[in-house]
Amino acid sequence: MIDLTDEQRVVRDEVRVFARRELAPLASQIDDQDVFPAEVADFPLAEAVRRGVVAPLRCIRVKPIASLRQVEIVGGDFDQGQLAAALDVDPLNLAAADLYQSRFGDTPGIVYAAGVDHAERVAAAMRAIGLAAAAVSGRTPPRELAETLAAYERGETNVLVNAQILAEGWNAPRATVCMHLAPTASRRVYQQRVGRIM
């Protein structure tokens, strides 16, 4: 345990009072309404980059091989089952693994897959060519998920391939690559995904 000086204790106590008085009611309101206040939710990504809050994005777009013409938009985004059927094919999974390795090597990153099976197959393709990759999803048991994320933070794993589990509420300071193997029609989902590496 760290011993605090008298001055540090005073600051700590003032911060606690401020948090109880000012932040706790706001947090309670956010929890009750399940909506962030406008001053938080309406901070556009471009403005955040302009102000230096986040780093500017550099994008490499690869011409898609699979056609998404038959994939319906449901609730503002692609139907996940149809998307997985269109994208989860071995040649595309191997091409994605090869692209990651050739462009980024061992650079830590997050890959968004079109479903759990797709995430597992992409991670397997990456491991097959020597990348330290792991798949995580809602099917991953909690203890295994915690161990996998900890291994990623320690640098034992460099690529996390996921099926929407790492889209919100999780940050990866190590990650500098975000690969979208599952496109989204939702601006919010896109911003959440990209936000994991900012």
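Residues numbered from 1 in each chain as written. Predicted model: local features only at pLDDT ≥ 70, side-chain atom pairs only at ≥ 80, totals over all residues. Heavy atoms only, no water.

Asker: Explain the overall build of the protein chain to me, using residue names and the numbers behind them.
Answerer: Helices and strands together make up the secondary structure of the protein chain, namely 8 helices and 6 strands. Of the regular secondary structure in the protein chain, the N- to C-terminal order runs α-α-α-β-β-α-α-β-α-β-α-β-β-α. Scored against the burial criterion, the 198 residues of the protein chain give a buried share of 33%. In the protein chain, the share of contacts with a sequence separation of at least 24, taken over all contacts with a separation of at least 6, comes to 64%. Surface summary for the protein chain: the accessible area is close to 12700 Å², and the carbon and sulfur share equals 54%. (Helix = DSSP H or I, 4+ residues; strand = E, 2+ residues; numbered from the N terminus. Buried < 20%, exposed > 50% of the residue type's maximum accessible area, 1.4 Å probe, protein only. Contact = heavy atoms within 4.5 Å. Areas by Shrake-Rupley, 256 points an atom, 1.4 Å probe, with all protein chains shown as cover.)

Asker: Account for the sheet that holds strand E4 (residues 133-136), naming residues and giving values.
Answerer: The 4 strands are arranged E4-E5-E3-E6 in an open sheet whose pairing can be described as parallel. Since the sheet does not close on itself, it has two edges, and those belong to E4 and strand E6 (177-180), each with one partner. Strand-to-strand twist in this sheet, taken as the mean axis angle between neighbours without regard to direction, amounts to 20°. Bridge count for strand E3 (residues 109-112) against E6 is 4 bridges, and the pairing is parallel. Within E6, the residue paired with Gly109 across the bridge is Val177. Across the face of the sheet, helix H5 (residues 90-104) comes into contact with E3, strand E5 (159-162) and E6 while running at roughly 155° to E6. With respect to the sheet, helix H8 (residues 187-195) is in contact with E3 and E6, its orientation differing from that of E6 by roughly 145°. (Pairing = 2+ DSSP bridges. Axes fitted to C-alpha atoms, helices over the stretch in contact; angles between N-to-C directions.)

Asker: Which residues make up the packing of aromatic side chains, and what are the values?
Answerer: Applying the stated criterion to the full structure yields 1 aromatic pair. Considering the side-chain rings of Tyr100 and Phe104, the 5.2 Å spacing of their centres and the 65° angle between planes classify their relative orientation as edge-to-face. With a gap of 4 residues between them, Tyr100 and Phe104 both fall in helix H5, about one helical turn apart. Tyr100 gets classed as buried once you look at its relative accessible area, which sits at 0%. Sitting over the face of the ring of Tyr152, Arg174 holds its NZ or CZ atom 4.9 Å from the ring centroid. (Phe/Tyr/Trp six-rings, centres within 6.5 Å; stacked < 30°, edge-to-face > 60°. Lys NZ or Arg CZ within 6 Å of the ring centre and 35° of its normal.)

Asker: Can you break down the nonpolar core residue by residue, with the values?
Answerer: If you look at soluble globular proteins, the nonpolar side chains tend to sit buried side by side. Judged by nonpolar contacts, the single largest core of 19 residues is most densely connected at Tyr100, Val111, Met126, Val159, Val161 and Leu181. At 6 residues, helix H6 (residues 116-128) tops the list of elements feeding residues into this core. Apart from the residues lying within four places of it in its own chain, the contact partners of Val161 are Val111, Ala113, Ala119, Val122, Ala123, Met126, Ala134, Ala135 and Val136. Ranked by size, the runner-up nonpolar core spans 14 residues in total, among them Tyr152, Leu160, Trp170 and Cys178. (Core = buried A, V, L, I, M, F, W, Y, C linked by side-chain atoms within 4.5 Å.)

Asker: Would you mind going over helix H7 (residues 142-154) in detail, with residue names and values included?
Answerer: Look at H7: 18 Å from first C-alpha to last across 13 residues, which is about the 18 Å you get at 1.5 Å a residue. Within the sequence span of H7, burial applies to Leu145, Thr148, Leu149, Ala151 and Tyr152. Around the axis of H7, the buried residues are gathered within 155° of arc, so they sit on the same side. Turned more than 90 degrees away from the buried face of H7, the exposed residues are Pro142, Arg143 and Arg154. (Expected span 1.5 Å × (residues − 1). Arc of directions from axis to C-beta.)

Asker: Which residues make up the side chain of Thr148, and what values go with them?
Answerer: Within the secondary structure, Thr148 sits in helix H7. Given the relative accessible area of 13%, Thr148 is considered buried.

Asker: Let's hear about the pattern of salt bridges: which residues, and what values?
Answerer: As enumerated under the stated definition, the model contains 5 salt bridges in all. A salt bridge links Asp6 to Arg9; the nearest nitrogen and oxygen atoms lie 2.7 Å apart. Of the two residues, Asp6 and Arg9 both sit in helix H1 (residues 6-33), 3 residues apart, roughly one turn of that helix. Close ionic contact of Asp88 with Arg121 constitutes a salt bridge, the shortest N to O distance being 2.6 Å. Of this pair, Asp88 sits in the loop between helix H4 (80-87) and H5 while Arg121 sits in helix H6; the two residues are 33 residues apart in sequence, bridging distant segments of the chain. (Salt bridge = Lys/Arg side-chain N within 4 Å of Asp/Glu carboxyl O.)

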